[in-house]
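Per-entry structural report
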Amino acid sequence: MRKTGFVAIVGLANAGKSTLMNALVQQKVSIVSPKPQTTRDSILGIWTDEDSQIVFVDTPGFFKSRNALGDYMLKSIDSAVSDVDCVLVVIDGHDGIDDKEISQITRHAKRGSPIVVAVTKIDITQPQALMPQLAKLNSIAEIKEVYCVSARKNKGVEQLREALKKYLTGDVMYFEEDDVTDRSRRYMVSEIIREKVLLACDEEIPHGVGVAINKMQREDGVWDIDATVLVEKASHKPIVLGKNGSKIKGIGMHARESIQKLLEERVYLTLWVKVKQDWRNNQSVLNELGYSNK
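A few points on the structure. Only a predicted model underlies this, so the values are computations on that prediction, with no experimental measurement involved.

Here the focus is the environment of His207. Locating His207 in the fold gives a position in the loop between helix 6 (185–200) and strand 7 (210–219). The exposure class of His207 is partly exposed, given its relative accessible area of 30%. Along the sequence, His207 and Glu232 sit 25 residues apart, while their C-alpha atoms lie 9.2 Å from each other.

Here it is, written out as structure tokens:
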């Protein structure tokens, strides 16, 4: 009989949560970029082997909300950690551990779930700088275990995944054996496009970018996908488009390559850029993009 259960992955913005979850399930189910708040939803990543099924819940990085989208993201964090077998707190070992990380651990410990800490990015962290940080964690009574990992180099990931199995409390299979996420292909396509925009555009753009799928149809083994990239300000549109449309063409090319890997079929992708003023505070637009707490 398999042990089953849920593990919430939490941490500050840009701590490496999505990269770690992708490594834990050995599939790309969460988009990744260097920009904080890349993850907006609680996304499930599912690992199933001969003796367990672990449902990892990737959450947005903790931050102070400034709009309705931010409120949605914070509610998704609270929802994700409300009823799980274990909370995996991800800390960027390269940046060090300060009061923000400590308060995060204390906050989640109050909910009663076991706390395991993953210190990430050890591939770019000097051991002599890491040891004092680990000493801080070892002094916190609420922490059950601490693991040092590099998701990019796949170091310590398997050991962490195996260790998390001891906290699973269920015996019901929540998903089929070959499922790796709960999200639809339509959702994954929109996220892939948003990821490519984040990677291509300047610092002031990312938080104000959304992607709406207008059409996603398959015919004769070819997917015809039409999507709109939403930006908040008129000044952002030419940045996303680029000179003579060069940037949006590049975004489309990279997105199409990744979408073809996801769908395992040919893709014809059309991208548009549209200004929707202050859309992150427009509940109807948020609902359209799938950011609804209902």
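In total, this model carries 13 salt bridges according to the counting rule given. Across the salt bridge formed by Arg2 and Glu177, the nearest N and O atoms sit 3.3 Å from each other. Note that Arg2 is positioned in the segment before strand 1 (3–11) and Glu177 in the loop between helix 5 (157–164) and helix 6, a separation of 175 residues in sequence. The exposed category is assigned to Glu177, whose relative accessible area is 53%. Residue Glu191 pairs with Arg194 through a salt bridge whose shortest N-O separation is 3.0 Å. Placement of both Glu191 and Arg194 in helix 6 is noted, with a separation of three residues, approximately one turn of the helix. Owing to a relative accessible area of 5%, Glu191 belongs among the buried residues under this scheme.

With the rule as written, the count across this model stands at one aromatic pair. Note on Phe6 and Tyr174: the rings are 4.9 Å apart at their centroids and 65° apart in plane angle, and the pair reads as edge-to-face. Here Phe6 is found in strand 1, whereas its partner Tyr174 is found in the loop between helix 5 and helix 6, with 168 residues between them in sequence. Sitting over the ring of Trp47, Arg161 keeps its end group 3.9 Å from the ring centre.

Reading across from one edge, 2-3-1-4-5-6 is the order of the six strands in this open sheet, with mixed pairing throughout. Across the chains shown, the open sheet's two edge strands, defined by having one partner strand only, are strand 2 (43–48) and strand 6 (143–148). This sheet shows a mean twist of 25° between the axes of neighbouring strands, independent of strand direction. Sheet topology places strand 5 (residues 115–120) next to strand 6; five bridges connect them, and they run parallel. Opposite Ile115, over in strand 6, you have Ile143 as the bridge partner. Each of strand 4 (86–92), strand 5 and strand 6 is contacted by helix 4 (residues 127–138), which is oriented at about 165° to strand 6, the strand it contacts most.

The next point concerns the packing of helix 1 (residues 17–25) against helix 5. Taken N-terminus to C-terminus, the directions of helix 1 and helix 5 make an angle of 80°; their axes are 9 Å apart at the nearest point. With respect to helix 5, the element helix 1 is oriented roughly perpendicular. Across from Leu20, Ala23 and Leu24 in helix 1, the residues of helix 5 making contact are Val157, Leu160 and Arg161. For the contact of helix 1 with helix 5, the class distribution of residues is five nonpolar, no polar and one charged.

Calculation rules
- Residues numbered from 1 in each chain as written.
- Predicted model: local features only at pLDDT ≥ 70, side-chain atom pairs only at ≥ 80, totals over all residues.
- Heavy atoms only, no water.
- Helix = DSSP H or I, 4+ residues; strand = E, 2+ residues; numbered from the N terminus.
- Buried < 20%, exposed > 50% of the residue type's maximum accessible area, 1.4 Å probe, protein only.
- Salt bridge = Lys/Arg side-chain N within 4 Å of Asp/Glu carboxyl O.
- Phe/Tyr/Trp six-rings, centres within 6.5 Å; stacked < 30°, edge-to-face > 60°.
- Lys NZ or Arg CZ within 6 Å of the ring centre and 35° of its normal.
- Pairing = 2+ DSSP bridges.
- Axes fitted to C-alpha atoms, helices over the stretch in contact; angles between N-to-C directions.
- Contact = heavy atoms within 4.5 Å.
- Parallel < 35°, antiparallel > 145°, perpendicular 65-115°, else oblique.
- Nonpolar A, V, L, I, M, F, W, Y, C, P; charged D, E, K, R; others polar.

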